[in-house]
Every structure is written in C-alpha cells, then in structure tokens.
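Spelled out, the chains give:
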Amino acid sequence: MVFTNAVRAIAHKELSDKLKSKWVLVIAAGFAALTIVISYFGGATAGVAGFRSIDATIASLTSLVTYFIPILALTLGGGIIADERDKGTLEIYLSSPISIGEFIMGKFFGLAIALAISTLVGLGISGAILLINLGFGAIGSYSIFMLNSVVLGLIFLSVSFLVSILFNERARVIAFTVFLWLFFAVLYDLGLVGLLIITKGTVGNEIFSTLLTLNPVDVYRILNFLSIGELKVFLGLASVELPSYMKTPVLWAVSLLWVVLPLIASYRLFKRRYLA
Amino acid sequence: MLELSEISKNFGDVKAVDSVSLSIKEGEMLGLVGPNGSGKSTLLKIMLGITRPSSGKVLFSGKELAEKDWKEIRKKIGYMPERVNFYDNLTGKETIELFAKIKGGDLGNVPGLLKKVGLENAVDRRVGGYSKGMRQRLNLAQALSNDPDFLVLDEPTSGLDPVGTKEFYNILDDVRTRKKLTVILSSHILAEIEDKIDRVAVLKAGALRAVGSLEELYSGFNLPLKISIALKEKNGTLEEILKREGAKEIGYKDGHLTASIQREDKLRLLSAVMEKKESFVDLSIREPNLEEVFFGIH
C-alpha cells in the first residue's frame, strides 16, 4: 500500500507545491542564515565572537532547532484537512478509489520530503561553512545532528496531522498548534523542573528519564547530547544522569514511535470522523 | 444497479435522511430534488460510501458492500461535489492529471477530456485565474477522469449563469451520447432539470416524498392544467364559461384571462371556449411543470 500510484501522486503534488511556492527555498535560506549567525555569535554572551568548537556549536544550534523546527512542522501539516475541505477537494479524495491510509501517507511523504530538504539544505550550508573553518573531523557529529533534526521535524509533522484531523477548522488548528509548540518547546521542561523542585529531587532517575521521552523535543536534545558527549550543561541536562538503557538506538526507536503513533491515530480518527 | 434500502442518517438529534428506499437503474438519469437542507447531499454521500448510514443498506448490483469493496466500486464512479475551487497554483491540465492518477484514470485521455468540457484553450492556465463556470467544467472533467459508468452530480450548475448552465448540460448530453452513463443529479432548480431526467425523486426533510417519471408524477398528483386566453378586450362571457366548466383560480393578467382546469375537463372546456372564438386572439394550455408537482407535494 505504501507507494501506490495514488500515494505518489499526492506526495508529488504536495512536494511540488512547496517547491513552486519557494517554501523550501525560503525555509532553507532562513535556516542557513540563522544557523550561521548562531554559530558565529553563539559565544557572544561570554564576550567571544567567531566559530567555536563543533560540539559547542551543535549545542547552540540544538536550542535553535528545538524552537524552529517544531513550529515549522506543526504549521506545515496543520492545514492538510482544513485546506482540502475549504477548497472542496476533500470529498473528491474521499470518493476516489483510494484508502484513507493512502491519502494520509501521500500527504505525509510529500510534506516530509519538503521539510527534510529545507532542513538538510539549510543546516548543510552552515555545516559546510563550519567544517571548512573548524576541520572535517566533526562531520560525523554534525551529520547525526542534521539527521536528528530531520527526525524531529517528522515527529511534529506527524503530530500536526493529528491536530489537523482533530480540529478541522483552520482557526482552531492554528490555536492548538501554537499551544502544542509552547507545551513541548517550553512548558514541558518547566513542568519537569517544577516537579523536581516540589519533590525535592526524590523523583527517581528512571521516572524522570521516562518523562523526558514523552517529549520529543527532549528526546531530540538527548540524542544530540549522546552524539557530542560532554556538553550536558549546554543542553540543560547537567542534573540528570541518564539510565543505562537510554542509548541512541532506544531513543531513535522512541522517535520512530513518535512519528508512527500520531499517524496511526490520525488514520483512525479520520476514518471515524469522515466516514461517520 | 444501485439500491438504497431503508436508509436513515442521524446527526445527533437531527434526522438528515429518513428511511429512504430508492433504486437507480443502469443507464438512467435520476433527478434528486428538494429544497436546501432536505438531505440531498447526505444521501449522495451515502451512495458514494463517504458517509455511513445510521441504518439501512446500500446495495450495488444486489450486493451489500464491505469497506474494501467500496474501493473497487469507486473506480467506476465519478463524483462532482457542489463547490470545488481546486488548487489555484495548478493548471487545468495538472489538476485533471492529479485526479486521474489518484482515480486510476488514463493520463492519455486528459487532453481530450479537457477539450470535451470546453477548456482546451485554458489547459496551461492556472486554475486561480479560472471563472466560476470554468471551475465547474473542470469539476465535471475531474468527475469523468476515471471514465466512470456512474456519475453523481451534486447541484452541478449552482452559481452558473443561464448561459453557463445551458453549456454545462450540453456537455453532459454530449458525454451521454458517447457512453452509457448512469447519472444521479441533485438540484433545487427544478425547472432546470425536468427536461433532462428520466425519473425524479423528491426529498423533503430527509424523507422521500415521491419517485417516478414525470408523467407518473403528473398523473399521480392530478395537478390542474393552466389555461391562458389572450383577449381582444376584457369581457365577462369567457369568464362565465370557465366558471361554468369548473375552472378554478380565474383571473386577468396583462390582457390574458387565466385559470386552472382539471385534465378531464380540458376537451369539454375547449369546445365551450371555441364557441366564442371571436372574443380572443390566442389560447394556450400548459402542463404543470416539475416545480408545481414538487410544491404540490409540499
């Protein structure tokens, strides 16, 4: 079912929309500009300007990505239902000989490729400049950082599909998207810190680490932390000792679940809501 | 071909469709008429399998369809929703190619299809620049893009001017002369479709109030004929004759004497009126149109 003609046609339409509208170009350029500025001025608070070590730079860029990519992905996929309904094309899709799974997968693949291209090109440009200045020894860490960033985008794209189907009116989708972004990028970690303070640190490492995996932004942070090693302090994880099972493959599996589960929920909800 | 058996659909407390049973024969053109909110669109969506009925059965060729069967059936269905704007950034050709791919249609037929609906000079123009009429033609083209046997048209001329409406039906007639198509057409503009359909189904408040050919409905409801006599000058003689012969709703309008007469009184009344033929210049008797049948039911 995954790559049927219908899936390819819908994915191609979504991707070419984003290419034609220059969305991919603008986002990639914006990404490149922001990451170059942050890479160069990341140490400005310490009175230093210039390219620092690749690890410190990845730590700075991680903070940028955790704000930028979720909101980008959430807004990208938030309109998949509202847009089609407003245009009147949703009923054409529903009456066509395709399954709901094909419709959702076509949309997801098309938008995922657009998001991945803009992320890889944007981060790739700044990465190339960094590596030229700092040496190519860090190409592995930087590549993993780029890959993690793409996966973070896919997670929030998947979540945005669920939001789009849950709140099929554009205004409600936008409102909930902003709330979700705030929740995952800011409020969730504040809540965890609050939990630590209230419980005076008695919450076990296992529970705390599990709670971290419930937020894909934290999963992303930890993945980057694991790839660069010694920069807990930059990632705000200085007080946390990760349990031994929390290795990169486990976190990638968690990330994969974060991509797949919202899509499955979207499929089920779509079926219930639109074939009711 | 398609049979609806005791179909009902509730949205909360609202009964959108109420125990509708209806058969659609292969190759016929059925008009589904009723005022706004009468349940026409919901019934069409149930026929397409995109809305599940609360109760009742949808049978295709006598078989109740499971979820996987719908995918196969839809390969031969073309659906034209009431309002579609399409994608402003795609050209007409790209739009039909997209839907042809999705529906399993032949991409080689797309240029011919666009020509058939009269868009051959706009195939490479973006749909954002299309008029309402052009979008409706494009909508018909997408409905035909999988070469369907069964066409479902939901208020297809909504928003079109009279010229656009006429052109639309000319295109549809042309398609039907080339291929045997079963068509279901919903409309609340009754006069617009009465000379195009084989049978009509009348919906009111979700319930099927009448179904049959126009002749069956006319005779079944025994609606009065309308007589109009163009007078040389106003006089009471003809009015007296009409009253005597049982005419109703007698009145004068723009130099015409008008009245309603029962079908069985027609010949007797005509004979009586013709005895005074020196007092009028013209006479016409009009059959009730579908709209009158429709409102007669209400």
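Residues numbered from 1 in each chain as written. Chains lettered and ligands numbered in written order. Predicted model: local features only at pLDDT ≥ 70, side-chain atom pairs only at ≥ 80, totals over all residues. Heavy atoms only, no water.

### Some words on unusual backbone geometry
Residue and element names in this part refer to chain B. For clarity, the cut-off: Working definition: with a 1.4 Å probe on protein chains only, accessible area under 20% of the residue-type maximum means buried, over 50% means exposed, and in between means partly exposed.
A positive phi angle is found at Ser61, which is not glycine, with a value near 50°. You can call Ser61 exposed: its relative accessible area is 68%. Phi at Glu249 takes a positive value of approximately 50°, unusual for a residue other than glycine. The exposure class of Glu249 is exposed, given its relative accessible area of 60%.

### A closer look at the packing of aromatic side chains
The test is simple: Stacked, tilted and edge-to-face pairs are distinguished by plane angle, under 30 degrees for stacked and over 60 for edge-to-face with tilted covering the rest, among Phe, Tyr and Trp rings (Trp via its six-membered ring) whose centres lie within 6.5 Å. Only DSSP runs of H or I covering at least 4 residues are called helices, and only runs of E covering at least 2 are called strands; the numbering of each starts at the N terminus. Comment: the charge-over-ring label is applied if NZ (Lys) or CZ (Arg) is within 6 Å of the ring centre and within 35 degrees of the ring normal.
The full count for this structure, using the stated rule, is 20 aromatic pairs over all chains. Aromatic side chains Phe3(A) and Phe109(A) sit 5.1 Å apart centroid to centroid with 25° between the ring planes, which places their arrangement in the stacked category. You can see Phe3(A) sitting in the segment before α1 (5-20) and its partner Phe109(A) sitting in helix α6 (residues 100-134), a full 106 residues away along the chain. Measuring from ring centre to ring centre gives 5.5 Å for Phe156(A) and Phe184(A), while their planes differ by 75°; the resulting arrangement is edge-to-face. One end of the pair, Phe156(A), is in helix α7 (residues 139-166); the other, Phe184(A), is in helix α8 (residues 170-198), and 28 residues separate them in sequence. Here the two residues Phe156(A) and Phe184(A) agree in accessibility, since each one is buried. Seen from the ring of Tyr87(B), Lys13(A) lies directly overhead, with NZ or CZ sitting 3.5 Å from the centre.

### Comments concerning the sheet that holds strand β1 (residues 2-11) of chain B
All names here are of chain B. As a reminder of what qualifies: Pairs of strands are assigned from DSSP output, requiring at least two bridges between the strands. Note on contacts: a residue pair is in contact if any heavy atoms of the two residues lie within 4.5 Å. Interaxial angle, 0 to 180 degrees, is taken between N-to-C directions of lines fitted to C-alpha atoms, where a helix line uses only the stretch in contact.
If you walk across this open sheet you meet the four strands as β2-β1-β4-β5, and the pairing is antiparallel. Of all the strands in the sheet, the pair left with one neighbour each is β2 (14-24) and β5 (63-64). Where β1 meets β2, seven bridges bridge the pair, whose relative direction is antiparallel. Within the sheet, the bridge partner assigned to Leu2 lies in β2 and is Ile24. In the packing of helix α1 (residues 40-48) onto the sheet, contacts are made with β1, β2 and β4 (55-60), and the angle to β1 comes to roughly 125°.

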